[in-house]
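Working through the structure, step by step
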Amino acid sequence: MATQPDNTKVSDEKLVRGAQKGDMVAFEELVARHRDKLYARAFSMMRNEDEAIDLSQEAWVKGWQRLKQFQGESSFVTWMTRIVINLCLDQLRKQKRHRAESIELLEEESGGVERQMLPVVAANPTERLERAELRARIDRALGQLSYEHRTVLILHEFEELEYKEIAKKMQCSIGTVMSRLFYARRKMANLLAGFKREELS
Amino acid sequence: MNQKSELRLQSYLDGELSPRQARRVAEWSSRDPEARALLGELKMARTALAGNEPELHLPESREFYWSKIRREIERAEKAEAGFLRRAWFSWRKYLVPLAGTALVAILAISTARFGDVTGADESARHLAEVENLSEHTGAYSFRSHAENMFVVWVYDQNQEAPPEPEPEADLILQ
């Protein structure tokens, strides 16, 4: 009986080349290596476990189907992450069509009330925090942001995209991206400061 | 501070300003305490997030997660193969008339281009089978230089027998 090759020590690049030639065993190894990363990205955007699993699996299927288009300009995992982000954005847009615009968003677009209500955080609430604790607090704070604010933060801070790239992905103007990023950062700072206060009290 | 100034501070933080604009904002934020405080807050939020993306683990086993992906890949490939097969069958009925039309066009063009220089036997009439690459069609051509006439007879080999050669063609195109 033929045994499956041990791909655990093979580089991503070599596995990708194999998968591009139709080697599904190589592709499975890529999935095993990067499934947590893709799931985490989907979850950070959707905040729903089932949707994150479904969308990350859909991304892998699309990745396999488009594998010949991957030329290696970025790393394979970056390329796959872009696919899952696009799927999440599509899903979020569909969901948005089914719900009313939030008052918060209207305020953001008109630019007024929200910023007056947020005090400037002077002391750094993340000082002396263990990394795991900081990550847990960031995750908690992300869960409390609107999806527009959360998405723009993820794309700018974690994916390191520029304003214009985010605008293209989110199908909005650069001005809207800047405005959303500004309020998202301010809210994040205030949420982290709130968690610090909770801890102290 | 107005919204434009706030967003300018942020653009400065993100390196999205020209060197000249960046110098201006740096000077302004060093003089203005409100701008300095806001810039500090934005910087803190950015620094806290950088490299601290929450780490999550997929709540499913490798095998279970992969099995759904593989099933979906195989289902999509089968669906695509089925679509291509259906597309081929639906297009095949157009192949015979298309091949015939193309043949007529090629022959007509070559005759128009070279007809005048084949004057060795002006009075000759030719009826000849035309070689073509289609398995489904056959073609005969009839040419008369004297009558300035060229006819191509295209037929479906499955349905129609080739025409018997006759001294004069019934159908005349001029």
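Quick caveat: nothing in here was measured; it's all calculated off a predicted structure.

**Regarding a positive patch on the surface**
Residue and element names in this part refer to chain B. A cluster of like positive charges, contributed by Lys-4, Arg-8, Arg-20, Arg-23 and Arg-24, occupies part of the molecular surface. Of all elements in the fold, only α1 (3-13) and α2 (19-31) reach the threshold of two or more residues within the positive patch. Broken down by element, the positive patch gets its largest block of residues, three residues, from α2. Considering the arrangement of structural elements, one finds Arg-23 in helix α2.

**Comments concerning the domain arrangement of chain A**
Residue and element names in this part refer to chain A. Segmenting chain A into domains produces domain 1 (12-94) and domain 2 (99-200). For domain 1 versus domain 2, the distance between C-alpha centres works out to 26 Å. Across the contact, 11 residues belong to domain 1 and 14 residues belong to domain 2. For the domain 1 and domain 2 pair, buried surface summed over both sides reaches about 1200 Å², with 51% attributable to carbon and sulfur atoms. At the boundary of domain 1 with domain 2, the tally comes to three salt bridges. One salt bridge in this structure joins Glu-159 and Arg-82, with 2.5 Å as the shortest N-O distance. Along the contact surface separating domain 1 from domain 2 lie seven residue pairs in polar contact (both at pLDDT 80 or more).

**Description of the nonpolar core**
With 75 residues, the main nonpolar core has Phe27(A), Trp60(A), Phe76(A), Met80(A), Leu153(A), Met188(A) and Ile69(B) as its most contacted residues. Those residues in contact with Phe27(A) that sit more than four places away from it in its chain are Ala19(A), Trp60(A), Gly63(A), Trp64(A), Leu67(A), Phe76(A), Trp66(B) and Ile73(B).

**Digging into the environment of Gln171(A)**
Residue and element names in this part refer to chain A. Note on placement: Gln-171 falls in the loop between α9 (163-170) and α10 (174-200). Judged by relative accessible area, Gln-171 falls into the exposed class, the value being 58%. A sequence separation of 82 residues divides Gln-171 from Leu-89, and the C-alpha atoms of the two residues are 9.8 Å apart.

**Some details on the packing of aromatic side chains**
Scanning the model with the defined rule gives nine aromatic pairs over all chains in all. Pairwise contacts between aromatic rings join Phe27(A), Trp60(A), Trp64(A), Phe70(A), Phe76(A), Trp79(A) and Trp66(B) into one cluster.

**Quick notes on the pairing of strand β3 (residues 149-156) of chain B**
Most of β3(B) is tucked away: six of the eight residues are buried. Joining the antiparallel neighbours strand β2 (residues 137-144) of chain B and β3(B) is a turn of four residues, in which Asn148(B) adopts a positive phi near 50°.

Procedures and definitions
- Within every chain, residues take consecutive numbers counted from 1 along the sequence as written.
- For this description, chains carry letters from A and ligands carry numbers from 1, given in the order in which they are written.
- Only residues with pLDDT of 70 or above have their local features reported here, since the model is predicted, and side-chain atom pairs are shown and tallied only from 80 upward, although totals for entire chains, interfaces and linings are computed over all residues.
- Side-chain metrics rest on all non-hydrogen atoms present in the structure, leaving aside hydrogens and water.
- For patch building, the residue pool is restricted to those with more than 30% relative accessible area and no salt bridge; the joining distance is 9 Å between like charges and 5 Å between nonpolar side chains (Val, Leu, Ile, Met, Phe, Trp, Tyr).
- Note on areas: these come from Shrake-Rupley sampling with a 1.4 Å probe, and a residue is covered only by the protein chains present in the view.
- One side-chain nitrogen of Lys or Arg within 4 Å of one carboxyl oxygen of Asp or Glu is enough to make a salt bridge.
- Only four residue types enter the tally: Lys and Arg on the positive side, Asp and Glu on the negative side; His and the chain ends are excluded.
- Note that the charge is assigned to NZ on lysines, CZ on arginines, CG on aspartates and CD on glutamates.
- Helix numbers and strand numbers start at the N terminus; a helix is a DSSP run of H or I with at least 4 residues, a strand a run of E with at least 2.
- Where a domain begins and ends is set by an automatic assignment or by a domain database.
- Any two residues having at least one pair of non-hydrogen atoms within 4.5 Å are treated as being in contact.
- The quantity reported as buried area is the accessible area (1.4 Å probe) lost by two parts once they are put together, taken as the sum for both.
- Throughout this description, a polar contact denotes any pair of N or O atoms lying within 3.5 Å of each other; where both atoms belong to protein, one of them has to be capable of donating a hydrogen while the other can accept it, and for residues adjacent in sequence the pair is counted only when both atoms sit in side chains.
- Buried residues of nine kinds, namely Ala, Val, Leu, Ile, Met, Phe, Trp, Tyr and Cys, make up a nonpolar core once their side-chain atoms join them within 4.5 Å.
- When accessible area is computed with a 1.4 Å probe and restricted to protein chains, residues below 20% of their type maximum are described as buried, those above 50% as exposed, and intermediate ones as partly exposed.
- Classification of ring pairs uses Phe, Tyr and Trp, with its six-membered ring standing for Trp, and accepts pairs whose centres are within 6.5 Å; under 30 degrees between planes counts as stacked, over 60 as edge-to-face, and the remaining range as tilted.
- The pairing criterion for strands is at least two bridges between them, as found by DSSP.

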